Amino acid sequence: MNTAERKAIHDAMVRLSDGDRSQVRALLDALWPILLAFARRGVGQEQEAEDVAQETFLRICSRISDFDRSRDGLSWAFGIAKYEVLTQRRRLRRQSQILDAPEIALAEDPARSQEADLIAHELELALEGVLGKLEPSDRAALGLEGVEPREAPASAAARKRRQRALERLRSLWRRLYGES
Amino acid sequence: MVNLDELSLRGLRAYEVGRLRVALRVGLVLVPAVLVCAFEARTREACICVGVLLLGVSVWLRWRDRDGFDAVSAGLWAGGIPYALGLVLARLGVHCGSEELAAYCWGFSGLFGLVAGVIIAARETRQRPRVTGIATAAAISILAGTLGCLRLGLASVLAVVLGTVVGAVIRRERGGGANA
């Protein structure tokens, strides 16, 4: 990126923070390829990168009134993008921990004792109980209703819905059985 | 694939919400100021009426653009003088309705307004020499000053209005270089 492009982005940000609403589209056109490339490097997957870039742009628009014009606009935008990338990474890590946990437990101990079987059985019952308290839409989002979710799993809406369902499941579990 | 037209619209919505959030922060200063004014039962209704008007105009100007934002800041800083001193005079028992203190009331109120007007014109002329900016800031200052001077009587409010206008005009003429 050359200095002129960088200055164009900064100027669009300044004008937008001054109240010139028409600069939203101009800023999007100038900033989108940069944000997307940054997000791709940050999260790796294309779909996730698009989500992060979108979220970053919306956050920039939302916080542009607080933009300090004495600072470089692009550096400010990268600061927000970096935060969004880290948030997305944390979210993905949490999701993969939850989804992989039962497989890891089984893999570690293929020949379980009767006591372990009993504990596992109790845990399954507890999990079924918690899953039973979930709304049907949440169960469907987690693929537990015997019907396919309406959106393809790769779509942002389906992932968001699944993430919310997982959060509600976690919250229910904590309420009934504490943190562990 | 992200639809950039749709993202631009969502960006504009996020922008407006962000601006409104920043504009509403002025309530943190104005709401307590109105409550202090409304503490006196005699002037409660008038205080609330002026306070709501001041709050509404301030939020709208701050939301609209940076010029409005700066005008509100200048107006509130300058209007804080007649507001605070008006409350102090009222506490000391000065009232424009009483014959022996009417002259003091008029004099002090006019002086406070004059100081506020000079501050506004000096600040606005330095930042952006436009009559509209000075007029907007003066209007905000008058409304803020009115909140403090309501207890002194209507004559005090009129003196503040007159003082602010005279102070702003004198400072602007002496400052020079102003264009409409």
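Quick note: structure is the one above.
Anyway, here's the lowdown on the structure attached to this text. Since the model is a prediction, treat every value here as computed from it, not as a measurement.

### Considerations on the interface of chain B and chain A
Stage number 1. The partner chain A presents 22 residues to the 21 residues of chain B that form the contact.
Stage number 2. Approximately 2000 Å² of surface area, both sides summed, lies buried where chain B meets chain A, with 52% of it carried by carbon and sulfur atoms.
Stage number 3. The three residues of chain B that bury the most area against chain A are Leu7(B), Tyr15(B) and Arg66(B), which together make up 32% of that side's buried surface.
Stage number 4. Inspection of the region where chain B meets chain A yields four salt bridges.
Stage number 5. Where Arg25(B) meets Asp66(A), a salt bridge forms, and the shortest distance between an N and an O atom there is 3.4 Å.
Stage number 6. Scanning the region where chain B abuts chain A turns up ten residue pairs in polar contact (both at pLDDT 80 or more).

### Concerning the state of the cysteines
Residues and elements named next belong to chain B.
Stage number 1. Taken as a whole, this structure holds one disulfide over all chains when the rule is applied.
Stage number 2. The disulfide bridge from Cys37 ends at Cys47, spanning 1.7 Å between sulfur atoms. Disulfide Cys37-Cys47: torsion about the S-S bond near -55 degrees, hence left-handed. On the criterion of sequence distance, the pair formed by Cys37 in helix α2 (residues 27-38) and Cys47 in helix α3 (residues 44-64) is long-range, its members being ten residues apart.
Stage number 3. Cys37 gets classed as buried once you look at its relative accessible area, which sits at 0%.

Conventions and cut-offs
Residues numbered from 1 in each chain as written. Chains lettered and ligands numbered in written order. Predicted model: local features only at pLDDT ≥ 70, side-chain atom pairs only at ≥ 80, totals over all residues. Heavy atoms only, no water. Contact = heavy atoms within 4.5 Å. Buried area = accessible area lost by both parts, 1.4 Å probe. Salt bridge = Lys/Arg side-chain N within 4 Å of Asp/Glu carboxyl O. Polar contact = N/O pair within 3.5 Å; in protein donor to acceptor, adjacent residues only side chain to side chain. Disulfide = S-S within 2.5 Å. Helix = DSSP H or I, 4+ residues; strand = E, 2+ residues; numbered from the N terminus. Buried < 20%, exposed > 50% of the residue type's maximum accessible area, 1.4 Å probe, protein only.

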